[in-house]
Every structure is written in structure tokens, then in C-alpha cells.
Amino acid sequence: MSTATPPSDAPVVHTVTLVGPRGFGATYRARLAALTAQGRVRLGAVVSPDDPAGLDDLPDGTPWFRTLEENLASEDPAVRPDVVIVSTPIHTHLPITEVALRAGCDVMLEKPPVPSAADHATLLRLVEETGRLCQVGFQTFGSTAVAEVERIVASGEIGEVVSVGTVGTWTRPASYWARAPWAGRRVLDGVEVVDGVVTNPLAHAVATALRVGGVRRTDDVAEVEVDHFHANPIEADDTSSVRVVATSGVTFGFGLSLCAPVRTPSRITVYGTLGRVVLYYETDRVEVQLPEGVRFVQGDRVPLLDDLLDVRERRAERELLCSLDATGAFTQVVEAVRSAPAPRRVPEDLVRWVGEGGDRRPVVTEVEEWCERVAARSQTFAAAGAPWAV
Ligand SMILES: NC(=O)c1ccc[n+]([C@@H]2O[C@H](COP(=O)([O-])OP(=O)(O)OC[C@H]3O[C@@H](n4cnc5c(N)ncnc54)[C@H](O)[C@@H]3O)[C@@H](O)[C@H]2O)c1
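What counts and how
- Residues numbered from 1 in each chain as written.
- Predicted model: local features only at pLDDT ≥ 70, side-chain atom pairs only at ≥ 80, totals over all residues.
- Heavy atoms only, no water.
- Helix = DSSP H or I, 4+ residues; strand = E, 2+ residues; numbered from the N terminus.
- Rg over C-alpha atoms; globule rule 2.2 N^0.38 Å.
- Buried < 20%, exposed > 50% of the residue type's maximum accessible area, 1.4 Å probe, protein only.
- Contact = heavy atoms within 4.5 Å.
- Areas by Shrake-Rupley, 256 points an atom, 1.4 Å probe, with all protein chains shown as cover.
- Near = heavy atom within 4 Å.
- Polar contact = N/O pair within 3.5 Å; in protein donor to acceptor, adjacent residues only side chain to side chain.
- Nonpolar A, V, L, I, M, F, W, Y, C, P; charged D, E, K, R; others polar.
- Phe/Tyr/Trp six-rings, centres within 6.5 Å; stacked < 30°, edge-to-face > 60°.
- Lys NZ or Arg CZ within 6 Å of the ring centre and 35° of its normal.
- Disulfide = S-S within 2.5 Å.
- Arc of directions from axis to C-beta.
- Pairing = 2+ DSSP bridges.
- Axes fitted to C-alpha atoms, helices over the stretch in contact; angles between N-to-C directions.
- Salt bridge = Lys/Arg side-chain N within 4 Å of Asp/Glu carboxyl O.
- Core = buried A, V, L, I, M, F, W, Y, C linked by side-chain atoms within 4.5 Å.

**Some remarks on the overall build of the protein**
Next up, step 1: Looking only at helices and strands, one finds eleven helices and 19 strands in the protein.
Next up, step 2: Its C-alpha atoms give the protein a radius of gyration of 21 Å, within 12% of the compact-globule value 21 Å for 390 residues.
Next up, step 3: Dimensions of the protein, computed from the C-alpha atoms along their principal axes, are close to 65 × 50 × 35 Å.
Next up, step 4: Across the 390 residues that make up the protein, the buried fraction comes to 57%.
Next up, step 5: For the protein, long-range pairs separated by at least 24 residues make up 70% of all intrachain contacts whose partners lie at least 6 apart in sequence.
Next up, step 6: For the protein, the accessible area works out to roughly 15800 Å², and carbon and sulfur atoms hold 52% of it.

This is the structure:
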């Protein structure tokens, strides 16, 4: 159905289907409205099991289908997509993306792309077989700040890279875990979901740290060690340490928790022999720390849906900013989380509960300090001696 569009001065209008209009789909509804106003896209249809009634920002009369298959089978050519956005629960990504790719559509797929290394390999094969584009929604990959860190590292300004340390200390209340049946699950109805702090809320921290440390593809990763815990009454992890060793020899430490006293900006530090670069990826801010002083760089972002359209139109003669292939290393971490023994519970005497009802949340004692420590030393909580891990 969909054909690669030759370069031309004539404006190209892409017909888009949004699968999963609620939840994070709100971000795509907003982006689609902006791109529609620019004349670049037309929202052909939305797909979701539940009626999208009440989503007032959808254009009047937007056709709704319960499944992508029904959308694709429609007699009406106006609803048949060139591009499919998949912003649905993690465990539905592969089957929906497969249907889209096999129908000749290009895909904007939310992160994490899939819950296992085997599914990643399957999806990569499908992308190759169909020759279609599959952009993954790690929006930091569209950040000029990330590109700037990569440039600084490649320039040798901070010397040789030794390690990369990532700290993410956030908060999430009970209502976050109650919002969807798959939230905080490792497995749902026999299907692997792998929705914990490492693979979902702080997935950007993991994928972006690996990328600025020169690790993108599956075979860039030599080793992954996961030591994960939960303080919430969930199946998955909410307080985790991960140690990654790259084939290049660079080590990565991750201290990630959703049980901090307050949410702080996540930060990725690249430690070099001559200095450090710190990336605050949520705000696209870069801090370069050298013996002669500190300087800051403020970046901005290209939305990944726009980038997919650019590459589709061949306006950009290059790879996608976040191709599926470039999420292979991140998926090795997902795989390590998936295949690790279930997370252990943080002992009650190390947890303080704050808030009421849907706002109630746990705070793990000194979690910020231990996350800093494992990140800086590329260690696990157990190796560092965190009290809940001994
Ligand atoms: N890039 C980011 O910063 C970011 C942030 C949050 C969430 N996400 C990702 O977005 C995706 C959606 O997360 P969410 O929290 O919005 O999920 P959600 O459970 O709220 O569902 C989102 C939408 O998917 C629809 N849906 C559910 N099952 C479906 C199916 N089988 N077929 C079609 N539609 C279906 C729902 O009706 C809803 O419209 C996940 O992959 C999540 O990890 C990304």
C-alpha cells in the first residue's frame, strides 16, 4: 500500500493511524494536531479497544476501529494509513507493529519497543523483510544535547571514557500503579510485560546512557547484571541497580528508583580520564566539567514523529534518529531484567510511607545516596552494600 515517496517540491500528506489514543497517546494527539495544521499529515483513523469518545482534540468524525486489522480491511481508502503510531501497552507492541509493517506501513513505536531480546530479533527481521521504517519513541534520541555529548566525547575533550553513571530518583504514587492492569507487572495473563523502573519509567535514562557511552546495538553489550527490588506492592521492580559492561570495556552503573523522598532531575555522567560530561536528559541540558572550569550547553529536540516523516519523504538522507536497531543494547538490559529472578522486597524497616489514597507512596531510606554510589562505581546494590541488598 505504502510506497517510499520520491523527493519532490509537492507537499506530501501522510495518512496516519493512531493506535492507542489515550494515556501517552495524548502526546501524539497533540503532535498530530500540529502536523495537521502544517499540512503534513491527515489523521485517517484511531484504533483502540475502547471508544475514544470524549477525546475532544480528535478532529470531528475521526473514524474509530477496535483493531488495526479492521482499519486496514476498510473499503474506504481515506482511512488506510501510510504511517501507524503504536502507543499501546508494552506487550501489545510486537503483534500490532507486525500487522502494520506487513501491510506496508511505516511505524512510530513507543518505548520500550518489546519486552524481550527474542521479540527484538523477530521485529528486526520483520523490519528488514518488509523494508519499512520503524522509529522507536526514545525522544531523547532527537535531542541536540545528546548529539552534543556524543560530539564532546568523540572530540577527546574529556579524555578516554572510563565509565558512565546514571542516577534516576523519582517518585510514583499508588495511582500510577493502579492506572492500567499491566502497570508494574512482569507477566500479565501469561504474557510478558516487564514493566518496572528500569524498562519503563526510567527507560530513557538507560537507553540514553548506553547511547552516549557508545553502546547502541545488541552486540555492543558484553554483560548485564541486575539487582532489583520493590517497596511498592507490585510484581515488578521500583528500586534497581544495573551494571553493564560494553564490548568496548566501558562500564555503566545505573541507580534507579521510584521511591525517593522527592523527584530529582535524572542525570547521566560520562566519566573521562580528563573530565566529565553530565547530561540532564529531561531538560536537554549538558554540563561539561574540566579542570579549567565548567560550561553549560542547552539543547532542544526534534520530535521523532517529524523525523520519521522526514526520512520517509527522503528529506533527510540518513537513518532514523531512533531506529529499532539502535535500541538493541537497551533491549539487552530489558532481557536481563526479564530473565532475572523476581525482585526482592525492601524490608519494611527501610520504608517510610507518605501521602494518602492514590497519592500514597513509599520512600526508601537513603535511596538517593545508594543510587549515586552504584552509578558512580558501576556496581550493583549488593556489591555496594546497600542495606536492603545485604
Ligand atoms: N516516550 C515516553 O516518554 C512515554 C511515556 C509514557 C508511556 N510511554 C509508552 O507509551 C505506551 C502506552 O502507555 P500508556 O501508559 O499510555 O498505556 P495505556 O494502558 O494507558 O494505554 C494507551 C492506549 O492504548 C490502548 N490500547 C490498549 N490495549 C490495546 C490494544 N490491544 N490494541 C490497541 N489499543 C490498545 C488504550 O485503549 C489506550 O488508548 C507504552 O509503551 C509506554 O511505555 C512512553
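Read on, since the account is not over.
**Regarding the site of the ligand**
Next up, step 1: Neighbouring residues of the ligand: 25 residues in total, closest Arg 22, Phe 24, Asp 50, Lys 111 and Trp 182.
Next up, step 2: Taking Lys 111, its main chain carries an N or O atom lying 2.8 Å from an oxygen atom of the ligand.
Next up, step 3: Here an oxygen atom of the ligand and a side-chain polar atom of Asn 200 are 3.0 Å apart.
Next up, step 4: In the complex, the protein chains occlude 80% of the 860 Å² of accessible area that the ligand would expose alone.
Next up, step 5: Here the shell around the ligand is built from residues that sort into nine nonpolar, eleven polar and five charged.

**Remarks on the environment of Thr 166**
Next up, step 1: Structurally, Thr 166 is set in strand β7 (residues 161–169).
Next up, step 2: The buried category is assigned to Thr 166, whose relative accessible area is 0%.
Next up, step 3: Considering only alpha carbons, one finds Thr 166 and Ile 268, 102 residues apart in sequence, at a separation of 4.4 Å.
Next up, step 4: Those residues in contact with Thr 166 that sit more than four places away from it in its chain are Ala 205, Ala 209, Gly 253, Phe 254, Gly 255, Leu 256, Arg 267, Ile 268 and Ala 375.

**Here we look at the packing of aromatic side chains**
Next up, step 1: Taken as a whole, this structure holds six aromatic pairs when the rule is applied.
Next up, step 2: With a centroid separation of 4.8 Å and 80° between ring planes, the pair formed by Tyr 176 and Trp 177 is classed as edge-to-face. Comparing Tyr 176 with Trp 177 shows no difference in burial state: the two are buried.
Next up, step 3: Among the aromatic residues, those joined into a cluster by ring pairs are Phe 138, Phe 141 and Phe 330.
Next up, step 4: Between the NZ or CZ atom of Arg 179 and the centre of the ring of Tyr 176, over which it lies, the distance is 4.5 Å.
Next up, step 5: Taking the ring centre of Trp 370 as reference, the NZ or CZ of Arg 373 above it sits at 4.2 Å.

**What about the state of the cysteines?**
Next up, step 1: Taken as a whole and judged by the stated rule, the model has zero disulfides.
Next up, step 2: Unpaired in this structure, Cys 105 has its nearest cysteine sulfur neighbour in Cys 134, at a distance of 12 Å.
Next up, step 3: The thiol sulfur of Cys 322 is not disulfide-bonded, and the nearest other cysteine sulfur, from Cys 134, lies at 9.1 Å.
Next up, step 4: In this structure Cys 322 comes out as buried when scored by relative accessible area, which is 0%.

**Topic: helix α10 (residues 367–377)**
Next up, step 1: Among the residues of α10, those classed as buried are Val 367, Trp 370, Cys 371, Val 374 and Ala 375. Buried residues of α10, viewed axially, fall in a sector of 130°; they line one side.
Next up, step 2: Buried-residue contacts for α10 involve β7, β11 (239–246), β12 (251–257), β19 (361–364) and α11 (381–384).
Next up, step 3: Ser 378 sits one or two positions beyond α10 and adopts a positive phi of about 50°.

**A closer look at the sheet that holds strand β17 (residues 344–345)**
Remark on secondary structure: sheet strands pair via backbone hydrogen bonds, oriented parallel or antiparallel.
Next up, step 1: Judged by pairing direction, the sheet is mixed, and its nine strands sit side by side in the order β16-β15-β14-β13-β7-β12-β11-β10-β17 without closing on themselves. One side of each edge strand has no neighbouring strand; the edge strands of this open sheet are β16 (293–298) and β17.
Next up, step 2: The pairing of strand β10 (residues 221–230) with β17 spans two bridges and is classified as parallel. Considered in β17, the bridge of His 230 is made with Arg 345.
Next up, step 3: The strands that helix α9 (residues 328–339) touches are β10 and β11; relative to β10, the one it contacts most, it runs at about 45°.

**A word on the pattern of salt bridges**
Next up, step 1: Overall, the coordinates contain 23 salt bridges when judged by the stated rule.
Next up, step 2: Close ionic contact of Asp 306 with Arg 31 constitutes a salt bridge, the shortest N to O distance being 2.7 Å. Placement of Asp 306 in helix α8 (residues 304–312) and of Arg 31 in helix α1 (residues 25–37) is noted, with a sequence separation of 275 residues between them.
Next up, step 3: Residue Arg 31 is classed as partly exposed on the basis of its relative accessible area, which comes to 24%.
Next up, step 4: What emerges from the salt-bridge pattern is a single network uniting Arg 40, Asp 310 and Glu 313.

**Some words on the nonpolar core**
Across soluble globular proteins, you tend to see nonpolar side chains buried next to one another.
Next up, step 1: Residues Leu 210, Phe 252, Phe 254 and Leu 279 are the most contacted members of the largest nonpolar core, which totals 95 residues.
Next up, step 2: Not counting chain neighbours up to four residues away, the residues in contact with Phe 252 comprise Val 164, Ala 209, Leu 210, Gly 213, Val 215, Val 242, Arg 243, Val 244, Ala 246 and Ser 378.
Next up, step 3: Membership of the second largest hydrophobic core comes to 19 residues, among which are Phe 229, Ala 260, Val 346 and Ala 375.

**Here's the deal with the pairing of β10**
Next up, step 1: Pairing of β10 with β11, which is carried by eight bridges, proceeds in the antiparallel orientation. Each residue of the ladder has a partner; that of Phe 229, found in β11, is Thr 239.

**Describing the sheet that holds strand β1 (residues 14–19)**
Next up, step 1: The strand order β3-β2-β1-β4-β5-β6 describes an open sheet built from six strands, whose pairing is parallel. Each of the sheet's edge strands pairs with one partner strand only, and the pair in question is β3 (64–65) and β6 (134–136).
Next up, step 2: Where strand β4 (residues 83–86) and strand β5 (residues 106–109) come together, four bridges link them in parallel fashion. By the bridge assignment for β5, Ile 85 is matched with Met 108.
Next up, step 3: Packed onto the sheet, α1 meets β1, β2 (41–47), β4 and β5 and runs at close to 165° relative to β1.
Next up, step 4: Each of β1, β2, β4, β5 and β6 touches α8; the most contacted strand, β5, lies at about 160° to it.

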